[in-house]
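Coordinate analysis (summary)
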Amino acid sequence: MEAGKHNANQLVTEEEERAIAEKLPAIFREFSQERTNLLPILQRIQETFKFLSPGAMRAVANYIGISTSEVYGVATFYNQFRFHPPGRHEIKVCMGTACHVKGGDIILENFERKLGIKEGETTPDREYSIERVACVGCCALAPVAVVDDKVIGYMQPSKVEGLFLQFEIQRKIREGQIKAEAS
Amino acid sequence: MVKITVDDRELEVEEHLTVLEACIQNGIFIPNLCFLKTRHHPHASCRLCFVSIEGYDRPVTSCTERVRDGMVVKTNTPEVRALQKSAFKLLMSLHPCHPKICPTEKPCLLMRIAKHIGVGLNPKPLEHIDRGLPDLVDFGPLYYVPNRCVLCAKCIHTCRTINQMPLLTFAKRGIMTMVAYFDGEQNTSICANCNACVDVCPVAALLPKSAFTSSVESRKA
Ligand code: SF4
Ligand code: SF4
Ligand code: FES
Ligand code: FES
């Protein structure tokens, strides 16, 4: 998340916001319009859409009758909320104790630098998103990353490179196919 | 009215006041950053306003303490200064001072506090912590300078007092805490003629865009 001002706006299209907005009333119906429901509502929204869009936060603010800033302030306090839509490839880097000791932060930095985004963010082309997570339960393999739900143990910078190589080849094939179909 | 003694001076002050207010009204400076008269519950986050009060076993923050008849207050004991210095150093480890580009009127409040408690503006022996925050954040009608912000929350409280629906908020937590701006549907144009947050900020961490662009332009000219 770009510090301070919410800037997922460029990533989320109006169409997506509209699709989200259509589904919100059903979620709201489960909760009364009370302030104490703020967190549960945000959790349900994140569960459903995997992130909190600016439009969704505005709608929640309206529903509970508090300012959007307050919703945003509360949401950013907790690590569990994301403000960017997930990328095609979701990269989760473990920051649990064991992984931390084994240099998990270096792995995270590797991903961040490679992609030019910070944890919690998504690349502008929506290919990749990075997240930090707490212990994923296989500390013996530390440091661990979970990429598209596959656990990768003993992470190293060279493995980061290898992953991207593989993804980029996949992408070329994919785009080649698209071109082939279009022509 | 009650009588209190501050640094051997006898004062007669209104009884609902905090020690901090009573002292400031009588021209006795106590370092403070987060105190705001309009706030019912003092934020008490800057930890700079410590005083010693007779009968207390340790210094207390003067913004949270109400005056009582016969109270004997000292604003400059070694214990008080030690606490103030630590708080100030911690603050300066997140606040690199660049007086030439900082638009505050000099000496700024931090400079006055530093002088008052007898320390420099650097964080030494603490290190400066780079939180990796941007130099300038676009807040719509305002600019925000995260590395100057001392997180006193005066802007947020002031905005809330005026608007009920504050446009400013603290985002994130711990060392990454910063002020954020989020316009909702209800309140997009309120800021244009307000600037209350800009006025209340002690360190010029909030700047009206208009003033900013004109000063940039005049520098170019
Ligand atoms: S507000 Fe901070 S940056 Fe500005 S002059 Fe004062 S100490 Fe320096
Ligand atoms: S922007 Fe200014 S008033 Fe607001 S919290 Fe930061 S230092 Fe305090
Ligand atoms: S700490 Fe990373 S898997 Fe346990
Ligand atoms: S003024 Fe008392 S703690 Fe800040």
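Preceding this section is the structure that the text describes.
This report concerns the structure included in the present document. (Residues numbered from 1 in each chain as written. Chains lettered and ligands numbered in written order. Predicted model: local features only at pLDDT ≥ 70, side-chain atom pairs only at ≥ 80, totals over all residues. Heavy atoms only, no water.)

**Side note on the site of ligand 1**
The cut-off we apply is this: We call a residue near a given molecule or strand whenever any one of its heavy atoms falls within 4 Å of it. As a working rule, the residues Ala, Val, Leu, Ile, Met, Phe, Trp, Tyr, Cys and Pro are called nonpolar, Asp, Glu, Lys and Arg charged, and the rest polar, with Gly in that last group.
In the vicinity of ligand 1, the contacting residues are His95(B), Cys97(B), His98(B), Cys102(B), Thr104(B), Lys106(B), Cys108(B), Leu110(B), Met111(B) and Val203(B). Residues of the shell around ligand 1, tallied by class, amount to 6 nonpolar, 3 polar and 1 charged.

**Considerations on the sheet that holds strand S1 (residues 2-6) of chain B**
All names here are of chain B. Put simply, the test is: The pairing criterion for strands is at least two bridges between them, as found by DSSP. Segments assigned H or I by DSSP are reported as helices when at least four residues long, segments assigned E as strands when at least two residues long, and all are numbered from the N terminus. Throughout, a contact is declared for two residues whenever any of their heavy atoms are within 4.5 Å. Here an axis means a line fitted to C-alpha atoms, over the contact stretch when the element is a helix, while the angle between two N-to-C directions is reported on a 0 to 180 degree scale.
The strand order S2-S1-S5-S3-S4 describes an open sheet built from 5 strands, whose pairing is mixed. Looking along the sheet, the strands with just one partner apiece sit at the ends: strand S2 (9-13) and strand S4 (60-61). Against the sheet, helix H2 (residues 78-92) engages strand S3 (50-53) and strand S5 (71-74), with an angle of about 160° to S3.

**Considering the interface of chain B and chain A**
Counted only if it meets this: Counted as salt bridges are all cases of a side-chain nitrogen of Lys or Arg within 4 Å of a carboxyl oxygen of Asp or Glu. Definition of a polar contact: a pair of N or O atoms within 3.5 Å, with one able to donate and the other able to accept a hydrogen when the atoms are protein atoms, and with sequence-neighbouring residues admitted only if both atoms are side-chain atoms.
Taken residue by residue, the interface counts 25 residues in chain B and 22 residues in chain A. Linking chain B with chain A are 1 salt bridge, by the criterion used here. Two residues, Glu70(A) and Arg160(B), come together in a salt bridge whose shortest N-O distance is 3.7 Å. The tally of links between chain B and chain A comes to 6 residue pairs in polar contact (both at pLDDT 80 or more). Here the residues of the side of chain B that touches chain A are counted per class, giving 15 nonpolar, 4 polar and 6 charged.

**A few points about the sheet that holds strand S3 (residues 145-147) of chain A**
All names here are of chain A. Spatial strand order, S2-S1-S3-S4: 4 strands in an open sheet with mixed pairing. Each of the sheet's edge strands pairs with one partner strand only, and the pair in question is strand S2 (128-133) and strand S4 (150-152). Across the sheet, the mean angle from the axis of one strand to that of its neighbour is 25°, orientation sign disregarded. Along the sheet, helix H6 (residues 104-115) contacts strand S1 (89-94), S2 and S3; its crossing angle with S1, the most-contacted strand, is approximately 150°.

**Regarding the nonpolar core**
Applicable threshold: We define a nonpolar core as any set of buried Ala, Val, Leu, Ile, Met, Phe, Trp, Tyr and Cys residues linked to one another through side-chain atoms lying within 4.5 Å. Throughout, exposure labels follow a simple rule: accessible area from a 1.4 Å probe, protein chains only, divided by the maximum for the residue type, with under 20% read as buried, over 50% as exposed, and the rest as partly exposed.
Counting residues in each nonpolar core, the largest one holds 41 residues, and the members touching the most others are Leu33(B), Phe88(B), Leu110(B), Phe139(B), Tyr144(B) and Leu168(B). Listing elements by their share of this core, those giving two or more residues are H2, helix H3 (109-117), strand S6 (137-139), strand S7 (142-144), helix H4 (154-163), strand S9 (178-181) and helix H5 (196-200) of chain B. For this core, the leading source of residues is H3(B), giving 6 residues. Within the second largest apolar cluster, 28 residues are counted, among which are Leu24(A), Ala56(A), Val60(A) and Tyr72(A).

**Things to note about the packing of aromatic side chains**
Think of a pair of aromatic rings as described by two things: how far the centres are apart, and how the planes are tilted against each other in angle. Using the following cut-off: Each Phe, Tyr or Trp ring, with Trp reduced to its six-membered ring, pairs with another whose centre is within 6.5 Å; inter-plane angles below 30 degrees give stacked pairs, above 60 give edge-to-face pairs, and intermediate values give tilted ones. Placement of a charge over a ring requires the Lys NZ or Arg CZ to be within 6 Å of the ring centre, with the centre-to-atom vector within 35 degrees of the ring normal.
Inspection of every chain in the model, using the stated rule, returns 10 aromatic pairs over all chains. Judged by centre distance (5.3 Å) and plane angle (75°), the rings of Phe77(A) and Tyr78(A) are edge-to-face. Pairing Tyr128(A) with Phe167(A) gives two aromatic rings, centres 5.8 Å apart and planes at 50°, and the pair type is tilted. Placement of the pair is Tyr128(A) in strand S2 and Phe167(A) in helix H7 (residues 157-182), with a sequence separation of 39 residues. Residue classification places Tyr128(A) among the buried residues on the basis of a relative accessible area of 3%. Chaining the aromatic ring pairs together yields one cluster made of Phe111(A), Tyr128(A), Phe164(A) and Phe167(A). Between Arg173(B) and the ring centre of Phe77(A), over which it is positioned, the NZ or CZ distance is 5.3 Å. One cation-aromatic arrangement involves Lys209(B) over Tyr143(B); the distance from NZ or CZ to the ring centre is 5.2 Å.

**Observations regarding the pattern of salt bridges**
Opposite charge on two side chains makes pairing possible when the charged atoms of those side chains draw close. For the coordinates displayed, the defined rule picks out 19 salt bridges over all chains. Glu131(A) is the salt-bridge partner of Arg82(A), the closest N and O atoms lying 3.3 Å from each other. Within this pair, whereas Arg82(A) is found in the loop between helix H4 (68-77) and S1, its partner Glu131(A) is found in strand S2, the two being separated by 49 residues in sequence. Just as Arg82(A) is buried, Glu131(A) falls in that class too. Note that Asp57(B) is salt-bridged to Arg58(B), the shortest N-O span being 3.8 Å. In this structure, Asp57(B) and Arg58(B) share a single accessibility class: exposed. Linked through salt bridges whose partners overlap, the residues forming this network are Arg88(A), Asp125(A), Glu127(A), Glu168(A), Arg171(A) and Arg174(A).

**Topic: empty space enclosed by the protein**
Residue and element names in this part refer to chain B. The line we're drawing: Cavities and pockets were defined on a 1 Å grid built from protein atoms only: a cavity is a group of points that admits a 1.4 Å probe but offers it no way out, a pocket is an open group of points flanked by protein on both sides within 12 Å along at least five of seven lines, and a lining residue is one with an atom within 4 Å of any such point. Grid points are joined across faces, edges and corners, and a volume is the space filled by probe spheres set on the points.
Taken as a whole and judged by the stated rule, the model has 2 cavities of 30 Å³ or more. Empty space within the largest cavity amounts to approximately 110 Å³. Every residue along the wall of the largest cavity is listed here: Leu142, Cys159, Asn163, Leu167, Leu168, Tyr181, Ile190, Cys191, Cys194, Asn195, Ala196 and Cys197. Listed by contribution, the elements that provide at least two residues to the lining of the largest cavity are H4 and H5. Looking at the lining of the largest cavity residue by residue, the class counts come to 10 nonpolar, 2 polar and no charged. Volume-wise, the second largest cavity comes out at about 90 Å³.

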